[in-house]
Amino acid sequence: MANFSLEISAAVSTAWEYAKKYGLLIAVIYLLVGVVSGGLHSIVGPSMALGDQQAITEAIGRGDWESIGKMAQAYNTGIGSNISTMFSGIITTIVSVGLYNLALGLMSGRFSEVTFDAFKLPFATYLKVFVVSFITGLICVVACFFCIIPVFFVAPRLILAPVYQVEHPEAGIGESISAAWKMTSDNTMSMLGLGIVMVGIIILGFCCCCIGMYFAQAIELFALIAAYNQLKGNLQ
């Protein structure tokens, strides 16, 4: 197997060049997603506080259904908040898949501009990416249970799995996760370093008036795809 190494500076430089051309429109997309998600939460009401969740659990344990009913009524049964969270997750997945495909297309020459054609993908692709993201997220959570440190070694190895799935819609879910693990072999620290740089850029974007954060997200998107393009040769 080939041995390609991630060059953080090259990935960031490539991301900046593409962000200068297309970042503003992509930032608007991120902004709209934030507005829609925020609107959903505002419409259905606030999420249930952790203390109240524990209170309901304790009430269930002792069979105090009257108290449960009162707390549920106070929070409008809590269903609205769960629905808003579910829809926000769906919207985030759809946008992520479309933007991954857009960035991959712009960098490969398949697209020459920001276009919603990038979102015209089979439903199965969106579903697979959702499952891949869920599984990789679950793996990272499990790593946290063992110790907080392993997650910093596991997450960088899995973060490219959704991108691989988008570029290879015919691939199975397990194949995408395995491919991400293989392509990042011997590049864990480099991927972690890229992540730290991206966090710094996001923070800087937030400080440059909040709207700058959305442009920073566009840079982050292109940096991730640039890293993917550098490392996918390891699968050959």
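Above this text is the structure in question.
Please read these numbers as outputs of a predicted model, since none were measured by experiment. (Residues numbered from 1 in each chain as written. Predicted model: local features only at pLDDT ≥ 70, side-chain atom pairs only at ≥ 80, totals over all residues. Heavy atoms only, no water.)

Below, the discussion takes up a nonpolar patch on the surface. On the surface, Phe134, Ile135, Leu138, Ile139, Val141, Val142, Phe145 and Phe146 cluster together into a nonpolar patch covering about 820 Å² of accessible area. Along the chain, phenylalanine 134 turns up in helix 5 (residues 123–146). (Patch = residues over 30% accessible without salt bridge, like charges linked within 9 Å, V, L, I, M, F, W, Y side chains within 5 Å. Areas by Shrake-Rupley, 256 points an atom, 1.4 Å probe, with all protein chains shown as cover. Salt bridge = Lys/Arg side-chain N within 4 Å of Asp/Glu carboxyl O. Helix = DSSP H or I, 4+ residues; strand = E, 2+ residues; numbered from the N terminus.)

Soluble, globular proteins show a tendency: their nonpolar side chains are buried together. The biggest cluster of nonpolar side chains holds 56 residues, and the ones touching the most others in it are Ile26, Leu99, Leu160, Leu221, Phe222 and Ile225. The set of elements that each furnish at least two residues to this core consists of helix 1 (8–44), helix 4 (79–108), helix 5, helix 6 (148–158), helix 7 (161–167), helix 8 (173–183), helix 9 (188–207) and helix 10 (211–231). With residues up to four places along the chain from it excluded, the contact list for leucine 221 reads Ile26, Tyr30, Leu99, Tyr100 and Ala103. (Core = buried A, V, L, I, M, F, W, Y, C linked by side-chain atoms within 4.5 Å. Buried < 20%, exposed > 50% of the residue type's maximum accessible area, 1.4 Å probe, protein only. Contact = heavy atoms within 4.5 Å.)

Before going further, it helps to examine the pattern of salt bridges. Proximity of charged atoms lets side chains of opposite charge pair with each other. Using the criterion set out here, one finds three salt bridges in the structure. Lysine 20 is the partner of glutamate 17 in a salt bridge, and the nearest nitrogen-oxygen pair spans 3.4 Å. Of this pair, glutamate 17 and lysine 20 are both found in helix 1, three residues apart, which corresponds to roughly one turn of the helix.

Before going further, it helps to examine the side chain of threonine 93. The topology assignment puts threonine 93 in helix 4. Residue class for threonine 93 comes out buried when judged on its relative accessible area of 16%. For threonine 93, the residues in contact, after removing those within four places along its chain, are Tyr126 and Phe130.

A separate point is the side chain of asparagine 234. Within the element layout of this structure, asparagine 234 appears in the segment after helix 10. Residue classification places asparagine 234 among the buried positions, given a relative accessible area of 1%. Within the structure, asparagine 234 has its side chain in polar contact with the backbone nitrogen of phenylalanine 4 (distance 2.5 Å). (Polar contact = N/O pair within 3.5 Å; in protein donor to acceptor, adjacent residues only side chain to side chain.)

Quick look at the packing of helix 9 against helix 10 now. At a minimum axis distance of 7 Å, the contact between helix 9 and helix 10 shows a crossing angle of 165°. As summarised for this structure, helix 9 and helix 10 are arranged roughly antiparallel, according to the angle between their axes. Along this stretch, helix 9 crosses helix 10, giving a crossing that reads as right-handed. Residues Met191, Leu194, Met198, Ile201, Ile202, Gly205 and Phe206 of helix 9 lie in contact with helix 10, whose contacting residues are Gly212, Met213, Ala216, Gln217, Ile219, Glu220, Ala223, Ala227 and Leu231. The residue inventory of the contact of helix 9 with helix 10, partitioned by class, reads twelve nonpolar, three polar and one charged. (Axes fitted to C-alpha atoms, helices over the stretch in contact; angles between N-to-C directions. Parallel < 35°, antiparallel > 145°, perpendicular 65-115°, else oblique. Left-handed = near helix turned anticlockwise from the far one by under 90°. Nonpolar A, V, L, I, M, F, W, Y, C, P; charged D, E, K, R; others polar.)

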